[in-house]
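Examining the three-dimensional arrangement
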Amino acid sequence: MDINISKFISKFVTKRSESLLLKNLKNFNKKLNHKINNKSALVIGGAGTIGSSYIKALLKYNPSKVVVVDINENGLTELVRDLRSSHKIRISNDFITYPINFGDKVFEKVFKKHGPFQIVANFAAHKHVRSEKDIFSIEAMIENNLLKANSLLKLLVKYPPEHFFCVSTDKAANPVNIMGASKKLMEELIMSYSNKINVTTARFANVAFSNGSLPLGFLERFYKKQPWTCPLGIKRFFVSPEESGELCLIASVLGETGDIFFPKLDEKNDTMYFDDIAKNLINYLGLKIDICNSEEEALEKSSILSDDSKTYPVCFVESNTSGEKTYEEFYTEKEKLDLKKFENLGVIKNAIKRDLTEIEGVIENLQNIFLSQDYSKSEIIEILNKYLPNFK
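None of the values given here were measured: they were computed from a predicted structure.

The full count for this structure, using the stated rule, is 18 salt bridges. A salt bridge links Lys184 to Glu188; the nearest nitrogen and oxygen atoms lie 3.7 Å apart. Remark: Glu188 and Lys184 occur in helix H8 (residues 178–191); sequence separation between them is four residues, near one turn of the helix. A single burial state applies to Lys184 and to Glu188, both of which are buried. Close ionic contact of Lys349 with Glu256 constitutes a salt bridge, the shortest N to O distance being 3.2 Å. In this pair, Lys349 sits in the loop between strand S15 (345–348) and helix H13 (356–370) while Glu256 sits in the loop between helix H10 (241–254) and strand S10 (259–263), placing the two residues 93 residues apart along the sequence. Its relative accessible area of 31% is what places Lys349 among the partly exposed residues. Among the ionic contacts, a cluster of salt bridges with common partners joins Lys184, Glu187, Glu188, Arg203, Glu335, Arg354 and Glu358.

Another aspect to go through is the sheet that holds strand S9 (residues 235–239). The strand order S7-S9-S11 describes an open sheet built from three strands, whose pairing is mixed. Lying at the two open borders of the sheet, with one neighbouring strand each, are strand S7 (206–207) and strand S11 (271–273). Here three bridges tie S9 to S11, and the two strands are oriented antiparallel to one another. When the sheet's bridge partners are listed, Lys235 is paired in S11 with Tyr273.

Let us now look at the pairing of S15. Residues Leu345 and Val347 of S15 are buried on one face, and the alternating residues Gly346 and Ile348, pointing to the opposite face, are buried as well. With four bridges connecting them, S10 and S15 associate as antiparallel partners. What sits directly across from Ile260, in S15, is Ile348. The sheet contact formed by strand S14 (residues 337–342) and S15 spans three bridges and is antiparallel. Pairing of Asp338 across the sheet is with Val347, part of S15. Here S14 hands over to S15 after two residues, with Asn344 in that stretch at a positive phi of 65 degrees.

Attention shifts here to the sheet that holds strand S12 (residues 288–292). As a general point, the strands of a sheet are linked pairwise by backbone hydrogen bonds and lie either parallel or antiparallel. Here we have three strands laid out as an open sheet, ordered S8-S13-S12, and parallel in their pairing. The open sheet terminates on both sides in strands that have one partner only, identified here as strand S8 (228–232) and S12. Each adjacent strand pair in this sheet contributes to an overall mean axis angle of 40 degrees, direction not counted. Packing against the sheet, helix H11 (residues 274–284) makes contact with S8, S12 and strand S13 (311–318), and its axis sits at approximately 140 degrees to S8.

The next point concerns the state of the cysteines. Across all of its chains, the model carries zero disulfides by this definition. Cys166 supplies the cysteine sulfur nearest to Cys248, a cysteine that is in no disulfide, at a spacing of 10 Å.

With that settled, consider the pairing of S13. Summarising the sheet, S8 and S13 pair through five bridges and their orientation is parallel. For Cys230, the partnering residue across the bridge sits in S13 and is Phe316. Relative to S13, S12 runs parallel, the two sharing five bridges. Bridge pairing in S13 links Asp290 to Pro313. With helix H12 (residues 295–302) bridging S12 and its parallel neighbour S13, the resulting β-α-β unit is right-handed.

Further remarks concern the environment of Ala351. Relative to the assigned elements, Ala351 resides in the loop between S15 and H13. Taking the C-alpha atoms as reference points, Ala351 and Lys336, 15 residues apart in sequence, are found 8.1 Å from one another. Among all residues touching Ala351, those that are not within four sequence positions of it are Met191, Gly258 and Ile260.

This part covers the packing of helix H1 (residues 5–13) against H11. Viewed as axis vectors pointing N to C, H1 and H11 meet at an angle of 130 degrees, and their least axial separation amounts to 11 Å. Taken as axis vectors, H1 and H11 run oblique relative to one another. When the axes of H1 and H11 are compared, the crossing they make is right-handed. Of the residues in H11, those in contact with Lys7, Phe8, Phe12 and Val13 of H1 are Ile277, Asn280, Leu281 and Tyr284. The residue inventory of the contact of H1 with H11, partitioned by class, reads six nonpolar, one polar and one charged.

Thresholds applied
Within any chain, residue numbers begin from 1 and follow the written order of that chain's sequence. pLDDT decides what is reported in this predicted model: residues at 70 or higher carry local features, side-chain atom pairs at 80 or more are listed and counted, and totals for whole chains, interfaces and linings draw on all residues regardless. Only hydrogens and water are set aside; all other atoms, that is, all heavy atoms of the structure, feed into the side-chain values. Here a salt bridge means any side-chain nitrogen of Lys or Arg lying within 4 Å of a carboxyl oxygen belonging to Asp or Glu. Helix and strand labels come from DSSP, where a helix needs a run of H or I of at least four residues and a strand needs a run of E of at least two; each type is numbered from the N terminus. Here the term buried applies to any residue with accessible area under 20% of the maximum for its type, exposed to any over 50%, and partly exposed to those in between, with areas from a 1.4 Å probe on protein chains only. Criterion used throughout: strands pair if DSSP finds at least two bridges between them. Orientation is described by lines fitted to C-alpha atoms, with helices fitted over the stretch in contact, and by angles between N-to-C directions that extend from 0 to 180 degrees. By the convention used here, residues are in contact when the closest approach between their heavy atoms is within 4.5 Å. Counting rule for disulfides: a pair of cysteine sulfur atoms within 2.5 Å. The definition of a right-handed crossover adopted here requires that, viewed with the strands pointing away, the path from the first strand over the helix to the second runs clockwise. Working rule for angles: under 35 degrees goes down as roughly parallel, over 145 as roughly antiparallel, 65 to 115 as roughly perpendicular, anything else as oblique. Should the near helix be turned anticlockwise from the far one by less than a right angle, the crossing is left-handed, and should it be turned clockwise, the crossing is right-handed. In this classification, the charged set is Asp, Glu, Lys and Arg, the nonpolar set is Ala, Val, Leu, Ile, Met, Phe, Trp, Tyr, Cys and Pro, and all remaining amino acids, among them Gly, are polar.

Below you can see the structure in the form of structure tokens.
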């Protein structure tokens, strides 16, 4: 079966026939070339959906060297194969991948060997609210989203790039879960360095069919003849993988230090329910939906699926993910916005810039808790509540 996911996303998810960022790429083409052509770039977390899309957007402007770091060794292998098989992308001998953690000591050796870098972009992050299972997953999330980012920034101060970008999330605006709070702290951390190096970030919504996403999970289940379980009534903004890379590229090299970028999307026209995506995808696959009353019923029906089945079992359920917002927001009422400079992009211009010593105090408090073998989620939340008054 020929499944063109890009076409499906364009027609049924984003409902855009061209990229949201197309006009920006045309309007700022000369400036993008000036900022990227013949420059050296380091991309951390480059094997993920957003990181790899960023790399594809970056390579069109002919950087002199691109070093990609990611803990996903298989993902890096697929990234290289994908780039080599793409018609409009050229990679040179100075495209180098390393399956290492950017928090490890070996990372600094790689950095010093291949640097200095004019562009550094960090996409390594825990991004799923459902990862907040217990204190161990929470510690790993804060370690990745905040503590390792702090170590990276200390290194960048010694070897400052022209541009440093670290991806954020819409969940950092008025966070209601620890993932969002950890990314809000990350934002404030990089802003505390904004007078030392040129830092920018971006908040945006779901990337359609990204790694680990529910829509991609639908396809994975389909290939394995397994039933779908889909939450009801959950509406989200979506961007395509291509748009996510282009948005981050624009933010990373065209933004002024301290800028937070976000897509200008309309709640009425630019949101989609997950259950509608599931229904449209079933039809796109040439099948009819078989609505099941329970996951057990769906599992039983999937066990007798054959290659010539005309229906597919789906169970729609109420969402039970703790801490998940029922809506999305990219900015708060107190944030000053520039809505004119970029087409379809807004920029937050007055992001909080706390003193670095204050941020490091919060980091030290978190690290001290993590040294203990016996601490609770409530202790973490207490620290976050003291520092982030809009964290609920």
